[in-house]
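Fold and contact review
Single-letter residue listing:
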Amino acid sequence: MARIIVVTSGKGGVGKTTTSAAIAMGLAKAGHKTAVIDFDVGLRNLDLILGCERRVVYDFINVINGEASLNQALIRDKNCNLLYILPASQTRDKDALTEEGVGRVLDELSKDFAYIVCDSPAGIEKGANLALYFADDAFVVTNPEVSSVRDSDRMLGILSSKSRRAERNEDPIKEYLLLTRYDADRVKSGEMLSLEDVQEILSLELLGIIPESKSVLSASNAGIPVILDEKSEAGQAYADVVARYLGEKRPHRFIDAKHGFLRRLFGGRK
Amino acid sequence: MLNTPPALEFKSSTFFAPILILYTHDMVAIEQTLQEKINLAPEFFRDSPLIIDLRELNKLNQDLDFVQITQLLRRIGFFPVGIRGGNEQQNKQARTLSIPIDTVREQGNPITIGEAQKQEAVPEVTVAKESISPIAAPPQTPVAATLITQPIRSGQRIYASGDLIILSQVSAGAEIMAEGNIHVYNTLRGRALAGVHGNTAARIFCFDLQAELISIAGDYKTSEDLNKQTYKNPVQIYLQNHALIIKEIA
């Protein structure tokens, strides 16, 4: 049985797709067969971030509608042969997703994969609700600003009430916090919420802080998940996130503005 | 959401209505005495709602046809709106007539007008002030408190028909409502509404007051009106002469 992870936030533009691509790659690199599904039907992006947009033939909706088999639609990543991508349809909208269809696809994937990462669209409508409905774990991606924190809080409410686990009275979805686009200098000057400010409201288990980094944008444009850029702080931060999720104890870094020994040691660049 | 007015809303309120306590099932005697009473104060009794109390009558084992008494009362200008202390048969008749049934609670004797007349003769008409509920009161069963240990997130709504006890935080944008008291043993950032059915004795207790809105029995304050001194402090909130009092718990 696969572990189903939803990457969600409520708010748009906080880094859900970047995170989905990075952690899916990280899990695959760690030796786990991983599938990553783009739930953002109509606004397909994940394939771009993973650099497989030119190999998309069939998509998630084709599989749901029985127009293609799962094997036909899954795209194997060219950097890691344990990572598979199920792209969203660009020509349809979220109404094409059905609970029954999504459940069927996830069941079929579960037989063969260790992890399934669901890249949720923004909002709290059908696409987002179906992305989280079957989840076992949730990565709540939050930026250090008030509107993002409130939307994450709203999402956490939905996670605890509208998931399959909640409906069946099973153990709740395990929720983790991922604080992205974190700029320690701006936190220090009071322009951004600090980790404590965010945690005061959300009080979740922190899986990692992803520092604001130019390497994220260049990685996205190049179609290479940022986690593969081992020299960048964001890449290292995502590697920490995956390691922590898999049970490894790693101290949190990139919290403070002072350029400590880690930065000198790794020669990290912004 | 706030821009469109809702189609309706429920509010709780109490009304005063006279109670007619009957000591005989003699319809002629009842009508006669009622007429005398009405003649004394015709304005007072005109179109008056009336609750029919049959406790005394049933103690005397005098059987009374409820349909008949209702017809009589309506004919002379009363609006029977409730029955109390009726037997099974009378309650059944009341239900057919769509007249709410009040279950009798143990209370002190209602104040009677004209003590002197009491010995004089049956029938006796007694006017007492008593609150009635517009709907037949359900049997009074104690409502258990609702206990919540999970955080209440933005957008979630919790309603408790009794007291509400929350051990986790209540986020901004969440709404907690209780017909009784509200206890939040953590930070309260959302909206808290206690005594939503009009219980003015309801209170709100919280460890850390940062609420967006607090309300007891419809009287409310928004965070803008909250005193800086009590902000982020453990407090209790109660109602005094329609004013919300926020008091620090030492």
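Look above for the structure.
Residues numbered from 1 in each chain as written. Chains lettered and ligands numbered in written order. Predicted model: local features only at pLDDT ≥ 70, side-chain atom pairs only at ≥ 80, totals over all residues. Heavy atoms only, no water.

**Digging into the overall build of chain A**
Keep this limit in mind: Think of it this way: any DSSP run of H or I at least four residues long counts as a helix, any run of E at least two long counts as a strand, and we number them from the N terminus. Exposure is judged per residue with a 1.4 Å probe applied to protein chains only, and the accessible area is read against the type maximum: over 50% gives exposed, under 20% gives buried, and values in between give partly exposed. Any two residues whose heavy atoms approach within 4.5 Å are treated as being in contact. Only the protein chains shown count as covering a residue, and every accessible area follows the Shrake-Rupley method with a 1.4 Å probe.
The number of helices and strands found in chain A is 13 helices and eight strands. The buried share of chain A, reckoned over its 270 residues, is 57%. In chain A, 74% of the contacts between residues at least 6 apart in sequence involve partners at least 24 apart. Of the accessible surface of chain A, which amounts to about 11,900 Å², a share of 48% is contributed by carbon and sulfur atoms.

**What to know about the interface of chain B and chain A**
Many authors give the size of an interface as the accessible area that is lost as the parts come together. To keep things clear, this is the line we draw: By definition, the buried area sums, over both parts, the 1.4 Å-probe accessible area that each loses when the two are put together. The term salt bridge refers to a side-chain nitrogen of Lys or Arg lying within 4 Å of a carboxyl oxygen of Asp or Glu. Nitrogen and oxygen atoms within 3.5 Å of one another constitute a polar contact, given that in protein one can donate a hydrogen and the other can accept it, and given that sequence-neighbouring residues count only through two side-chain atoms. Residues are sorted three ways: Asp, Glu, Lys and Arg are charged, Ala, Val, Leu, Ile, Met, Phe, Trp, Tyr, Cys and Pro are nonpolar, and all the rest, Gly among them, are polar.
Each partner contributes to the interface: chain B provides ten residues, whereas chain A provides twelve residues. Between chain B and chain A, the buried area comes to about 900 Å², and carbon and sulfur atoms account for 34% of it. Taken together, the links from chain B to chain A amount to three salt bridges. Taken together, the links from chain B to chain A amount to nine residue pairs in polar contact (both at pLDDT 80 or more). Split into classes, the residues belonging to the side of chain B that touches chain A amount to one nonpolar, six polar and three charged.

**What about the packing of helix H1 (residues 16–29) of chain A against helix H12 (residues 233–245) of chain A?**
Residues and elements named next belong to chain A. Let me state the cut-off plainly: Lines fitted to C-alpha atoms define the axes here, with helix axes fitted over just the stretch in contact, and angles between the N-to-C directions of these axes take values from 0 to 180 degrees. An angle below 35 degrees is read as roughly parallel, one above 145 as roughly antiparallel, one from 65 to 115 as roughly perpendicular, and any other as oblique. Crossing handedness is read from the near helix: turned anticlockwise from the far helix by less than a right angle, it gives a left-handed crossing, and turned clockwise, a right-handed one.
Look at H1 against H12: their axes get within 9 Å of each other, and the N-to-C directions meet at 60 degrees. Between H1 and H12, the interaxial angle falls into the category oblique. The hand of the H1/H12 crossing is right-handed. The residues of H12 that touch H1, namely those facing Thr18, Thr19, Ala22, Ile23, Gly26 and Leu27, are Tyr238, Val241, Val242 and Tyr245. Among the residues forming the contact of H1 with H12, the class breakdown is seven nonpolar, three polar and no charged.

**Quick notes on the packing of aromatic side chains**
Put simply, the test is: Note on aromatic pairs: the rings of Phe, Tyr and Trp (six-membered ring only in Trp) are paired at centre separations within 6.5 Å, and the planes decide the class, stacked below 30 degrees, edge-to-face beyond 60, tilted for the rest. Over a ring means this: the NZ of a Lys or the CZ of an Arg is within 6 Å of the ring centre and within 35 degrees of the ring normal.
The final tally for this structure, using the stated rule, is eight aromatic pairs over all chains. Geometrically, the ring pair formed by A:Phe39 and A:Phe60 is edge-to-face, given 5.1 Å between the ring centres and 75 degrees between the ring planes. Highlighted residues: A:Phe39 in the loop between strand S2 (34–38) and helix H2 (46–49) and A:Phe60 in helix H3 (residues 60–64), separated in sequence by 21 residues. The residues A:Phe39 and A:Phe60 share a single accessibility class, namely buried. Relative to A:Tyr245, the ring of A:Tyr115 has its centre 5.9 Å away and its plane inclined at 65 degrees; by these criteria the two rings are edge-to-face. With a gap of 130 residues between them, A:Tyr115 in strand S5 (residues 115–119) and A:Tyr245 in helix H12 connect regions that are remote in the sequence. You can call A:Tyr245 buried: its relative accessible area is 13%. Aromatic rings pair up to connect A:Tyr115, A:Phe139, A:Tyr176 and A:Tyr245 into one cluster. In this structure, A:Lys174 packs its charged tip against the face of A:Tyr176, placed 5.0 Å from the ring centre. A cation over an aromatic ring shows up here: B:Arg203 above the ring of B:Tyr238, its NZ or CZ 4.2 Å from the ring centre.

**Some points on the sheet that holds strand S12 (residues 204–209) of chain B**
Residues and elements named next belong to chain B. To be explicit about the condition: Pairing between strands requires that DSSP locate at least two bridges from one strand to the other.
Pairing is mixed across the open sheet formed by six strands, whose spatial order is S6-S8-S10-S12-S15-S16. Pairing within the sheet leaves two strands with one partner each, and these edge strands are strand S6 (146–148) and strand S16 (243–248). Strand-to-strand twist of the sheet, defined as the mean angle between neighbouring strand axes without regard to direction, takes the value 20 degrees.

**Describing the nonpolar core**
Residue and element names in this part refer to chain A. Under the convention used in this document: To define a nonpolar core, start from buried Ala, Val, Leu, Ile, Met, Phe, Trp, Tyr and Cys residues and group those joined through side-chain atoms within 4.5 Å.
Core analysis: the largest hydrophobic core is formed by 55 residues, its most contacted members being Phe39, Phe60, Leu86, Leu97, Val102, Leu109 and Ile116. Apart from the residues lying within four places of it in its own chain, the contact partners of Ile116 are Ala2, Arg3, Ile4, Ile5, Ala35, Ile37, Leu106, Leu109 and Ser110. In this structure, Ala21, Ala24, Val141 and Ile227 belong to the second largest nonpolar core, which totals 37 residues.

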